[in-house]
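One-letter residues, chain by chain:
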Amino acid sequence: MTGFSRSSQTASELFAFPEGFLWGAATASHQVEGGNRGNDWWQMEQDGRLPHESGEACRHYELYSSDFDLAKSMGHNAHRFSIEWSRIEPRQGEWNEAELEHYVAVIDALRYRGIEPVVTLHHFTNPAWFSQRGGWARKDSVDFFVRYVQVVATRLASRVRFWVTINEPTVYVKRAYITGDWPPCEPRSWGRAIRVLRNMCRAHAAAYPVLHRLRPDAMVGLAHSAPYITACNPSSAADRVTARLRDFALNDALFMLLGRRSGVVLDFIGLNFYARQVVCWRPKAGAAMLLGSECRDDHHGEPRAFTSLGWEIYAPGLRKVLRRFARHGVPLMVTENGIATSDEQLRTRYLMAHLESVAEAVRDGVTVLGYFYWTLMDNFEWTEGRNARFGLVEVDFLTQQRTVRPVARAYQVVCQSNSIEWTSPR
Ligand code: FCB
């Protein structure tokens, strides 16, 4: 089976995940809530500088209770979502109590259903005022973020143990400051990109003690986009070096910037895993040459499969990535993993194969706290709009009708039994 490497053996074995394992799905405020008028994405959508408008998204801001009923009916015991900074602090230094209360209600709705909240504080969007004054490129961005975290955590910390400070800093930096197709949509600047990444690391490190002061047993991490990177032709030194450089840039640099003692500001590392990147050396590509380019050819001995967004499906990569990041010496959490497709059988195969990969990592001795499928329901996928269908639940965007997909039932069995049947050995 392409990209999955599940054995066709029939003899099956049951693998039990550790007690208390978190099972659920993830979302992000701008992708589901609707009407996030105060952030930089909304503003650029209105200015026609982005290809799609988030509009009312999934109207999850109003419909969260019934959406959580669905999550509960699908056997989830945890849910990852993000707080929209621009709602909490719509203007610099001005705090919106009603919006804070909204998130209190959201968390209570989860807890009432026995679902553990995992709260992300920054998932790509910034308040428009913050962006206008220079966003993350400014050094004082750290102070603004920490002040926001302080306000949020003062109200929510008694209800929330698991915190993700910032989602995918490396992806944010790349899209916002290198490729420039995300707000602030500025021309490429490597210098600014590095400054932004450094500030995001500082912001995380500064938010960490704030969260711990307000909640001593807090589990604070960030969500890192962790592709599995490999050389196209392992016997080519140029391919190997390029793959290593890309791996360093995408998977190591962030943790180096966090400092040698990153274990001190990370209670866990969240990993968002989607794909494998097969990298080859391409001369004459300017500075980007160092990072190589992705090979999509079928000359690697096995047929390859790609999702509707062109991301390579490679389930064994999740185990490899988990083992790799286990070296940091803190627990891991799969904070995102999922597939955009209209083929529901493929979606189920993708999910089950990736869950087996997580099981293998756990069997290898890696501490994994939980797994969150991306995403609870089809939503607004940034520059891809509404066509990237990642959901456990299908959404009809004209009527906001939700329909549970078959994959959710297969996942439910795993969530509720806290175990997976796999066909070993590997
Ligand atoms: C991740 C993002 C998430 C979603 C998925 C498909 O990089 O964190 O918001 O867009 O990709």
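Given the structure is predicted, the values throughout are model-derived calculations rather than measurements.

Conventions and cut-offs
- Residues numbered from 1 in each chain as written.
- Predicted model: local features only at pLDDT ≥ 70, side-chain atom pairs only at ≥ 80, totals over all residues.
- Heavy atoms only, no water.
- Helix = DSSP H or I, 4+ residues; strand = E, 2+ residues; numbered from the N terminus.
- Rg over C-alpha atoms; globule rule 2.2 N^0.38 Å.
- Buried < 20%, exposed > 50% of the residue type's maximum accessible area, 1.4 Å probe, protein only.
- Contact = heavy atoms within 4.5 Å.
- Areas by Shrake-Rupley, 256 points an atom, 1.4 Å probe, with all protein chains shown as cover.
- Lys, Arg positive; Asp, Glu negative; His and termini not counted.
- Charge placed at Lys NZ, Arg CZ, Asp CG, Glu CD.
- Near = heavy atom within 4 Å.
- Polar contact = N/O pair within 3.5 Å; in protein donor to acceptor, adjacent residues only side chain to side chain.
- Nonpolar A, V, L, I, M, F, W, Y, C, P; charged D, E, K, R; others polar.
- Patch = residues over 30% accessible without salt bridge, like charges linked within 9 Å, V, L, I, M, F, W, Y side chains within 5 Å.
- Salt bridge = Lys/Arg side-chain N within 4 Å of Asp/Glu carboxyl O.
- Pairing = 2+ DSSP bridges.
- Axes fitted to C-alpha atoms, helices over the stretch in contact; angles between N-to-C directions.
- Phe/Tyr/Trp six-rings, centres within 6.5 Å; stacked < 30°, edge-to-face > 60°.
- Lys NZ or Arg CZ within 6 Å of the ring centre and 35° of its normal.

Visitor: Quick question: what am I supposed to make of the overall build of the protein here?
Guide: Helix and strand counts for the protein come out as 13 helices and 15 strands. Taken against the 2.2 N^0.38 rule, which gives 22 Å for 426 residues, the C-alpha radius of gyration of the protein at 21 Å falls within 12% of a compact globule. Structurally, the protein occupies a C-alpha span of about 60 × 50 × 45 Å along its principal axes. Buried residues in the protein amount to 60% of all 426 residues. Long-range contacts, defined here as pairs at least 24 residues apart, represent 77% of the contacts in the protein between residues at least 6 apart. Carbon and sulfur atoms make up 51% of the accessible area of the protein, which totals about 16700 Å². For the protein, the distance from the average position of its 50 positive side-chain charges to the average position of its 46 negative side-chain charges is 6 Å.

Visitor: Any chance you could explain the site of the ligand here in plain terms?
Guide: If you check the shell around the ligand, you find Q31, H123, F124, N167, E168, Y274, W311, E336, W374, E381, W382 and F390 and nothing else. Taking Q31, its side chain carries an N or O atom lying 2.7 Å from an oxygen atom of the ligand. One of the side-chain nitrogen or oxygen atoms of E336 is found 2.9 Å away from an oxygen atom of the ligand. Notes on the ligand: free accessible area 300 Å², of which the protein chains cover 94%. Of the residues that constitute the shell around the ligand, the class distribution is six nonpolar, three polar and three charged.

Visitor: Sorry if this is basic, but what is going on with the side chain of S54 here?
Guide: Along the chain, S54 turns up in the loop between α2 (40-46) and α3 (60-73). Residue S54 is classed as buried on the basis of its relative accessible area, which comes to 1%. In this structure S54 touches H30, W42, E45, F380 and R386, once residues within four positions along its chain are discounted.

Visitor: I keep staring at a nonpolar patch on the surface and nothing clicks. Help me out?
Guide: On the surface, a cluster of nonpolar side chains totalling about 260 Å² of accessible area is made up of V241, L245 and L290. Mapped onto the elements, L245 comes out in helix α10 (residues 237-257).

Visitor: Even after reading the chapter, I still don't get the sheet that holds strand β5 (residues 162-167), so can you show me in this structure?
Guide: In any sheet, the strands associate via hydrogen bonds between backbone groups, in a parallel or an antiparallel arrangement. With parallel pairing, eight strands are arranged side by side around a closed barrel as β2-β3-β4-β5-β6-β8-β11-β12. The average angle at which neighbouring strand axes cross in this sheet is 25°, direction not considered. In this structure, strand β4 (residues 116-122) lies alongside β5, joined through four bridges in parallel fashion. When the bridges of β5 are listed, V118 appears paired with F162. On top of the sheet, helix α5 (residues 97-112) reaches β3 (78-82) and β4; it is set at about 165° to β3, its chief contact. The strands touched by helix α13 (residues 406-417) are β2 (22-26) and β12 (368-374); relative to β2, the strand with the most contacts, the crossing angle is about 145°.

Visitor: What should I look at first to understand the packing of aromatic side chains in this one?
Guide: For any pair of aromatic rings, geometry is given as the distance between the ring centres together with the angle between the planes. Counted by the stated rule, this structure contains 29 aromatic pairs. For the pair F124 and W382, a centre-to-centre distance of 5.2 Å together with 70° between the ring planes defines the contact as edge-to-face. Within this pair, whereas F124 is found in the loop between β4 and α6 (128-132), its partner W382 is found in the loop between β12 and β13 (393-396), the two being separated by 258 residues in sequence. Relative accessible area serves as the criterion here: at 3%, W382 is assigned to the buried category. Ring pairing ties together the aromatic residues W85, W129, F130, W136, F144, F145 and Y148, which thus form one cluster. Above the plane of the ring of Y61 lies R87, whose end atom (NZ or CZ) is 4.0 Å from the centre. For R324, the ring lying beneath its charged end belongs to F325, and the centroid distance is 5.2 Å.

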